[in-house]
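Spelled out, the chains give:
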Amino acid sequence: MAIFNRHKFEKLVVHKSKTLAWAIAFLSGILMALTTAPVNAWLLAWVALAPLWILVVSYERPLQEVKQPKFFLLPASFFLLPSLWGIGYHGLALSWIMGIHPMTWLGVPWWPSLAIALFCWAFITLWGAALVAVWAWLFVILNSLTLPGKNPILILYSPPLQGGAGGSRSKVSALTRVLIGTALWCALESIWSTGSLWWTSLSYTQSPHNLAILHLGQLSGPSAVTAAIVAVNGLIAEAFIEGGRKKEEGRRKNWVAYILPASLCLVLHIVGWSLYNRPLNQEAATALKIGIIQGNIPNEIKFDSGGWGRALEGYTTGYKQLADRKVDAVLIPETALPFIWTNEYQRSTLSFYQALIERGVVAWVGGFGQQENSITNSLLAIDRTGEILGRYDKLKLVPLGEYIPFYEILGGIINRLSPLDAHLVPGNSQQLFDTPFGRAIVGICYDSAFAEIFRYQAANGGEFMLTASNNAHYKPPMLAQHHALDVMRAIETDRWAAIATNTGYSAFVNPRGETVWKSEINTYEVRDATIYRRKTRTLYVRWGDWLTPLLLVLAGFMRFIVKN
């Protein structure tokens, strides 16, 4: 009976330790999510990944799996650790997606609307969590390959702890492990950002508040900021693990291990601060006086006759006010005037167009365009004569909102749930936007999450940045997060930005990421400010994301040295 009770107690201890590990992983993911709007506790990003790092490095396989090993495979209890961290981070940071419910104004019944919103939230959360799970798995694999002899047991060579991921021998140094972990995270973010579901890069946890570190984006885009965060967290975790090992061995702690992460964080901020403090050198000849109209048209009425009338009146009145202020151009939000502007007859009947012809001030209009038999979500540059000089079609469409992914599979299901007409087509990835004042860098709404769209246009002569969005159906945290992404794009390209939204936040942002003016939420706003055209080319604009391949090469090189 005593033996039975002992075994029962040991099982209970193991179960409790697993539960505690899962709880720590989930809570640390939530801490990372608190760095984003509305809490904006950005300092937490520099420590919130460390608990997961420690749990992954020091994870031990169940005894039966060590005796019967499966190369490259790890138990579900391991994958649950990074998955819970990812669910905590991505789930909370993206919880604003539930703001799309209820969609009764689109004719979607209440319960199907809730089902669609929950499905979207769950899917994007799990997609983000998958990135973290793949990172943890590869992290273990790459720290575990090539054992002496023919023993195929998967071992995480861990200098600080023995038995990590079921192993017992120590080969990879802590610094090499940090390099591998950082390279992997940057590589996976790069892969994820090529898809249609991307928003929550670790880099955006610092925007718009930590402008010094955001300026690392001028070197290699968002990956530079992400690499800084992951590397500092990794060094903190390794210092903690090293301290635990020293304590177990009864030796004094090595304080260098604790100083290293703080030193790296300080150096990174100094580098960013030096980039931030460079003079802007604004020349009067490059000045543009830009007007923004925030129409504040609720989505509930946006596409009915009452909403059209209110939009036309509001934007026409605002345009005339700005024309009287002698602005050079007027920017209005995404689909602010939801008509097909490429149809000459249709646009000629609109009061806004007639005011444009009368006042002769260039307008950048958010509306719809045509691409053969399809519709595009477009921003059109209309010159003083009423002709369309330039056009940008939204590149990254919102899944389910603007198109149905995997239509052959999901189309029938979605069509039964909702009458949404989700069949817009995306623009060309190599399109450019010309205006009477030179080439502009343009993004429409969801495009703001994809840095490469802006980098490409800057590399091809874009001199200032325009973004147009309609976030009326989302909660305020999303509006703040969207503004944070626009700030990052302005810094990375070293451009002035004019940002027009339907219900907020409209803004003017300078190349340092400083918000010169920002609107209130759910208000009608007519505002003008002077921005400046720039032809500078940051290292990121010239070379793109060169840091991620470099980190991968260095990590592979260090792993090769350790292996041999």
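The structure presented is a predicted model; accordingly, all values stated were derived computationally and were not measured.

> I tried to follow the overall build of the chain on my own but got confused; where do I start?
Scanning the chain from terminus to terminus reveals 19 helices and 12 strands. The buried share of the chain, reckoned over its 564 residues, is 55%. In the chain, 71% of the contacts between residues at least 6 apart in sequence involve partners at least 24 apart. Total accessible area computed for the chain in this model is approximately 24,200 Å², and 63% of it derives from carbon and sulfur atoms.

> So what exactly am I meant to see when it comes to a nonpolar patch on the surface here?
A contiguous nonpolar patch, built from Phe119, Phe123 and Trp127 and spanning about 300 Å² of accessible area, is present on the exposed surface. Tracing the backbone shows Phe123 in helix H5 (residues 110-142).

> What am I meant to see in the environment of Glu402 here?
Relative to the assigned elements, Glu402 resides in the loop between strand S5 (388-393) and helix H15 (407-417). In the structure, Glu402 is positioned 23 residues away from Val425 in sequence and 8.3 Å away in space, judged by C-alpha atoms.

> Please clarify how the packing of helix H2 (residues 50-57) against H5 should be interpreted in this entry.
In a packed pair of helices, the relevant descriptors are the angle between the two axes and the axis-to-axis distance. Where H2 meets H5, the axes come as close as 10 Å, and the angle between the chain directions of the two elements is 45°. Put simply, H2 runs oblique to H5. When the axes of H2 and H5 are compared, the crossing they make is right-handed. When H2 is examined against H5, the residues Leu52, Trp53, Val56 and Val57 are found in contact with a partner set consisting of Val132, Trp135, Ala136, Phe139 and Val140.

> Would you explain the side chain of Ser519 in this entry?
Along the chain, the position of Ser519 falls in the loop between strand S11 (515-518) and strand S12 (525-532). Within the structure, the side chain of Ser519 is placed 2.7 Å from the side chain of Gln294, a separation counted as a polar contact. In contact with Ser519, other than residues within four places in its own chain, are Gln294, Gly504, Tyr505, Ser506 and Glu525.

> Help me understand the packing of aromatic side chains, please; the structure alone is not making it clear to me.
Both the distance between ring centres and the angle between the ring planes are used here to describe each pair of aromatic rings. A full pass over the atoms with the stated rule returns 22 aromatic pairs. Measuring from ring centre to ring centre gives 5.0 Å for Trp273 and Tyr276, while their planes differ by 35°; the resulting arrangement is tilted. Of this pair, Trp273 and Tyr276 are both found in helix H10 (residues 255-276), 3 residues apart, which corresponds to roughly one turn of the helix. The exposure class assigned to Trp273 is partly exposed, which follows from its relative accessible area of 49%. Aromatic side chains Trp341 and Phe352 sit 6.3 Å apart centroid to centroid with 85° between the ring planes, which places their arrangement in the edge-to-face category.

> Before we go on, may I ask you to explain the pattern of salt bridges in this structure?
It is possible for side chains bearing opposite charge to pair when their charged atoms get close. Per the counting criterion, the structure on display carries 12 salt bridges. With a shortest N-O distance of 2.9 Å, Arg325 and Asp528 are connected by a salt bridge. Placement of Arg325 in the loop between helix H12 (305-324) and strand S2 (329-331) and of Asp528 in strand S12 is noted, with a sequence separation of 203 residues between them. Residue Asp528 is classed as partly exposed on the basis of its relative accessible area of 22%. Residues Glu492 and Arg489 are paired through a salt bridge, measuring 2.8 Å at the closest nitrogen-oxygen approach. Separated by 3 residues within a single helix, Glu492 and Arg489 lie in helix H17 (residues 476-493), roughly one turn from each other. For Glu492, a relative accessible area of 3% puts it in the buried group. What makes Arg489 buried here is its relative accessible area of 2%. Several salt bridges share partner residues, and in doing so they unite Lys289, Arg325 and Asp528 into one network.

The rules behind these values
- Residues numbered from 1 in each chain as written.
- Predicted model: local features only at pLDDT ≥ 70, side-chain atom pairs only at ≥ 80, totals over all residues.
- Heavy atoms only, no water.
- Helix = DSSP H or I, 4+ residues; strand = E, 2+ residues; numbered from the N terminus.
- Buried < 20%, exposed > 50% of the residue type's maximum accessible area, 1.4 Å probe, protein only.
- Contact = heavy atoms within 4.5 Å.
- Areas by Shrake-Rupley, 256 points an atom, 1.4 Å probe, with all protein chains shown as cover.
- Patch = residues over 30% accessible without salt bridge, like charges linked within 9 Å, V, L, I, M, F, W, Y side chains within 5 Å.
- Salt bridge = Lys/Arg side-chain N within 4 Å of Asp/Glu carboxyl O.
- Axes fitted to C-alpha atoms, helices over the stretch in contact; angles between N-to-C directions.
- Parallel < 35°, antiparallel > 145°, perpendicular 65-115°, else oblique.
- Left-handed = near helix turned anticlockwise from the far one by under 90°.
- Polar contact = N/O pair within 3.5 Å; in protein donor to acceptor, adjacent residues only side chain to side chain.
- Phe/Tyr/Trp six-rings, centres within 6.5 Å; stacked < 30°, edge-to-face > 60°.

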